[in-house]
Amino acid sequence: MNIRPVSFGSLMVFTLNDNKPKADIPTLMKISFNNNKQLKQYTLTDTVSFSEKIDGTVHNAAKNFAEDLDRLYKKELPKGSKRVKLTEVDFYVNPRETQKRYFLTAATNDDENKIHEILSQSSVFYTAKFSNKR
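Remember, predicted model here, so these are calculated numbers, not experimental data.

Chemist: Talk me through the overall build of the protein; I want residue IDs and the actual numbers.
Modeler: Each helix and strand counted, the protein has three helices and nine strands in total. Element order for the protein, N to C, with α for helix and β for strand: β-β-α-β-β-β-α-β-β-α-β-β. Relative to its full complement of 134 residues, the protein shows a buried share of 38%. Total accessible area on the protein is roughly 8400 Å²; 48% of this is exposed by carbon and sulfur atoms.

Chemist: Mind laying out the pattern of salt bridges, listing which residues take part and the relevant values?
Modeler: If you walk through the whole model with that rule in mind, you get six salt bridges. Linking Lys85 and Glu76 is a salt bridge whose minimum nitrogen-to-oxygen distance equals 2.9 Å. Judged by relative accessible area, which is 7%, Lys85 ranks as buried. The salt bridge involving Asp111 is made with Lys82; its shortest N-O contact spans 3.4 Å. Placement of Asp111 in helix α3 (residues 109-120) and of Lys82 in the loop between α2 (61-73) and β6 (83-94) is noted, with a sequence separation of 29 residues between them. Asp111 sits in the buried class, given a relative accessible area of 5%. For Lys82, a relative accessible area of 32% corresponds to the partly exposed category. Beyond isolated ion pairs, a larger network of salt bridges with shared partners links Glu88, Asp90 and Lys100.

Chemist: Kindly report on the packing of aromatic side chains, identifying the contributing residues and their values.
Modeler: Evaluation of the coordinates by the stated rule reveals four aromatic pairs. With 5.0 Å between their ring centres and 65° between their planes, Phe65 and Phe103 make a pair best called edge-to-face. Here Phe65, found in helix α2, pairs with Phe103, found in strand β7 (residues 97-105); they are 38 residues apart in sequence, far enough to count as distant. Assessed through its relative accessible area of 0%, Phe103 is described here as buried. With a centroid separation of 6.1 Å and an interplanar angle of 25°, the aromatic rings of Phe91 and Phe103 are classed as stacked. Residue Phe91 is located in strand β6, and its partner Phe103 is located in strand β7; the two are separated by twelve residues in the primary sequence. Across from the ring centre of Tyr73, 4.9 Å away, lies the NZ or CZ of Lys85, which sits over that ring.

Chemist: Tell me about the environment of Ile25, and name the residues and values.
Modeler: Position of Ile25 relative to the elements: it lies in helix α1 (residues 25-35). Between the alpha carbons of Ile25 and Val13 there is a distance of 7.9 Å; along the sequence they are twelve residues apart.

Chemist: Describe the nonpolar core, with residues and values.
Modeler: The biggest cluster of nonpolar side chains holds 16 residues, and the ones touching the most others in it are Met29, Phe33, Leu39, Leu44, Val84, Leu104 and Ile115. Dropping the residues within four chain positions of it, Leu39 is found in contact with Ser32, Phe33, Ile115, Ile118 and Leu119. Ala66, Leu77, Val89 and Phe103 belong to the second-largest nonpolar core, a separate cluster that totals twelve residues.

Analysis parameters
- Residues numbered from 1 in each chain as written.
- Predicted model: local features only at pLDDT ≥ 70, side-chain atom pairs only at ≥ 80, totals over all residues.
- Heavy atoms only, no water.
- Helix = DSSP H or I, 4+ residues; strand = E, 2+ residues; numbered from the N terminus.
- Buried < 20%, exposed > 50% of the residue type's maximum accessible area, 1.4 Å probe, protein only.
- Areas by Shrake-Rupley, 256 points an atom, 1.4 Å probe, with all protein chains shown as cover.
- Salt bridge = Lys/Arg side-chain N within 4 Å of Asp/Glu carboxyl O.
- Phe/Tyr/Trp six-rings, centres within 6.5 Å; stacked < 30°, edge-to-face > 60°.
- Lys NZ or Arg CZ within 6 Å of the ring centre and 35° of its normal.
- Core = buried A, V, L, I, M, F, W, Y, C linked by side-chain atoms within 4.5 Å.
- Contact = heavy atoms within 4.5 Å.

By themselves, these figures tell us nothing about what the structure is for.
Here is the structure:
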């Protein structure tokens, strides 16, 4: 039996704090999508700012938000679409402080898996894919 991970939602994109100067994530993503021949087949949309703040202190907050984004964008990204949405959202890291989080959403799980593989080979930023074995 071939068990393969199935995407649970959008990809979460972040950089590690290594004290080196970096451009912001939307800029890094634009550069990556424009300069990588495998990603050029996709069209990265302008960054969408999510107005609601998310309580990032609760268990599975990022995974749950990624699932919500998939449902939210499903109509805007029909199967076969090569558009990829980049969403910026503020996550509470404690009751008084928020940090920006970024999520990539593609039309299909297969597209998200391809993008995840390509971006995971980068030394600039990292992607997290929430998955379930089915």
